[in-house]
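Analysis of the macromolecular model
Residue strings, one per chain:
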Amino acid sequence: SIISSLHIPNIYNSEKITGLLYTVPFTLYAFNTVVSLVYRPPQRGPVDQSGQQLLKWFIGVLLGSFICGFLSFLLFFWAALRYFEDFLPSLIILSIVGFWQGYRYCSAHITYRNVYLIIGIGLILISIVVSTLIALSFGSPRFEEFNPHLWNFLQQ
């Protein structure tokens, strides 16, 4: 509260929340898709214009879905990590498309492609492990109630 004598109800307190790049670092690849809307690298061989237009439309729809969900998240007076579910699926799909586009861009050079794959798979694994650990940490009181002996054993 800004004024110490004014009591604010608990509904105005936000829950614990973690940054998006800390919880799902794989979402960095979503920037590839946004950049691909503006910058198109030179293509080798024939280019399917209808496929390119469909991909641009797909990326535009996903980007719009992400922006609408994220803006509504920013407008809440009370924030919680569970509201990430409103915009995270479209952001993950954008990241997958961006990862695929980067892989296609690096496919001509074997070394770059392998390094790109290692970094991408590493970020995927980090995203899975961190999001699982966060889910377990937020639900720890419930897990402790479910099996207190196992929980005490894990705490040691």
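Our subject is the structure listed above.
These lines cover the structure that appears in this document, whether it is placed above or below. (Residues numbered from 1 in each chain as written. Predicted model: local features only at pLDDT ≥ 70, side-chain atom pairs only at ≥ 80, totals over all residues. Heavy atoms only, no water.)

Next up on the list: the packing of helix H2 (residues 30-38) against helix H4 (residues 88-106). Put simply, H2 and H4 touch, their axes get as near as 6 Å, and they point 70 degrees apart. Compared by their axis directions, H2 and H4 come out roughly perpendicular. Residues Ala-30, Asn-32, Thr-33 and Ser-36 of H2 pack against Leu-91, Leu-94, Ser-95, Val-97, Gly-98, Gln-101 and Gly-102 of H4. (Axes fitted to C-alpha atoms, helices over the stretch in contact; angles between N-to-C directions. Helix = DSSP H or I, 4+ residues; strand = E, 2+ residues; numbered from the N terminus. Parallel < 35°, antiparallel > 145°, perpendicular 65-115°, else oblique. Contact = heavy atoms within 4.5 Å.)

All right, on to the packing of aromatic side chains then. Here the structure, examined in full by the defined rule, presents eight aromatic pairs. With centroids separated by 5.5 Å and ring planes inclined at 75 degrees, the aromatic side chains of Tyr-29 and Tyr-116 adopt a geometry described as edge-to-face. Taken together, the positions of Tyr-29 in the loop between helix H1 (20-23) and H2 and Tyr-116 in helix H5 (residues 110-138) put the pair 87 residues apart, joining distant regions of the chain. A single burial state applies to Tyr-29 and to Tyr-116, both of which are buried. (Phe/Tyr/Trp six-rings, centres within 6.5 Å; stacked < 30°, edge-to-face > 60°. Buried < 20%, exposed > 50% of the residue type's maximum accessible area, 1.4 Å probe, protein only.)

Another aspect to go through is the side chain of Thr-27. Tracing the backbone shows Thr-27 in the loop between H1 and H2. If near-sequence neighbours (up to four positions away) are discounted, Thr-27 is found in contact with Leu-20, Leu-21, Leu-91, Ile-92 and Ser-95.

Let's shift gears to the packing of H4 against H5. Packing of H4 against H5 leaves a shortest axis separation of 8 Å and a crossing angle of 160 degrees. Comparing their axes, H5 and H4 come out roughly antiparallel. The element H4 and its partner H5 pack so that their crossing is right-handed. Packed against H4, whose contacting residues are Gly-98, Phe-99, Gly-102, Tyr-103 and Cys-106, the element H5 presents Tyr-112, Arg-113, Tyr-116, Leu-117 and Gly-120 at the interface. Partitioning the contact of H4 with H5 into residue classes produces six nonpolar, three polar and one charged. (Left-handed = near helix turned anticlockwise from the far one by under 90°. Nonpolar A, V, L, I, M, F, W, Y, C, P; charged D, E, K, R; others polar.)

Membership of the largest hydrophobic core comes to 17 residues, with the highest contact counts inside it found for Leu-20, Phe-84, Phe-87, Leu-91 and Leu-94. Listed by contribution, the elements that provide at least two residues to this core are helix H3 (49-75) and H4. Per-element accounting of this core gives the leading share, six residues, to H3. Discounting chain neighbours no more than four positions away, the residues touching Leu-91 are Leu-20, Thr-27, Ala-30 and Phe-66. (Core = buried A, V, L, I, M, F, W, Y, C linked by side-chain atoms within 4.5 Å.)

Residues Leu-54, Trp-57, Phe-58, Val-61 and Ile-93 make up a contiguous nonpolar surface patch of about 500 Å² in total accessible area. Sort the elements by how many residues they give to the nonpolar patch and H3 lands first, with four residues. Examined against the element boundaries, Ile-93 turns out to sit in helix H4. Overall, Ile-93 belongs to the partly exposed group, its relative accessible area being 35%. (Patch = residues over 30% accessible without salt bridge, like charges linked within 9 Å, V, L, I, M, F, W, Y side chains within 5 Å. Areas by Shrake-Rupley, 256 points an atom, 1.4 Å probe, with all protein chains shown as cover. Salt bridge = Lys/Arg side-chain N within 4 Å of Asp/Glu carboxyl O.)

The subject of this paragraph is the layout of surface pockets. Left-over empty space is what a probe sized like a water molecule reveals as it rolls over the atoms. Taken as a whole, the second largest pocket encloses approximately 390 Å³ of empty space. Around the second largest pocket, the lining comprises 15 residues; the ones closest to its centre are Leu-81, Arg-82, Ile-134, Ala-135 and Phe-138. Looking at the lining of the second largest pocket, the element that brings in the most residues is H5, giving six residues. The class makeup of the residues in the lining of the second largest pocket is eight nonpolar, three polar and four charged. (1 Å grid on protein atoms, 1.4 Å probe; cavity = no way out; pocket = protein on both sides within 12 Å on 5 of 7 lines; lining within 4 Å. Points joined across faces, edges and corners; volume = space filled by probe spheres on them.)

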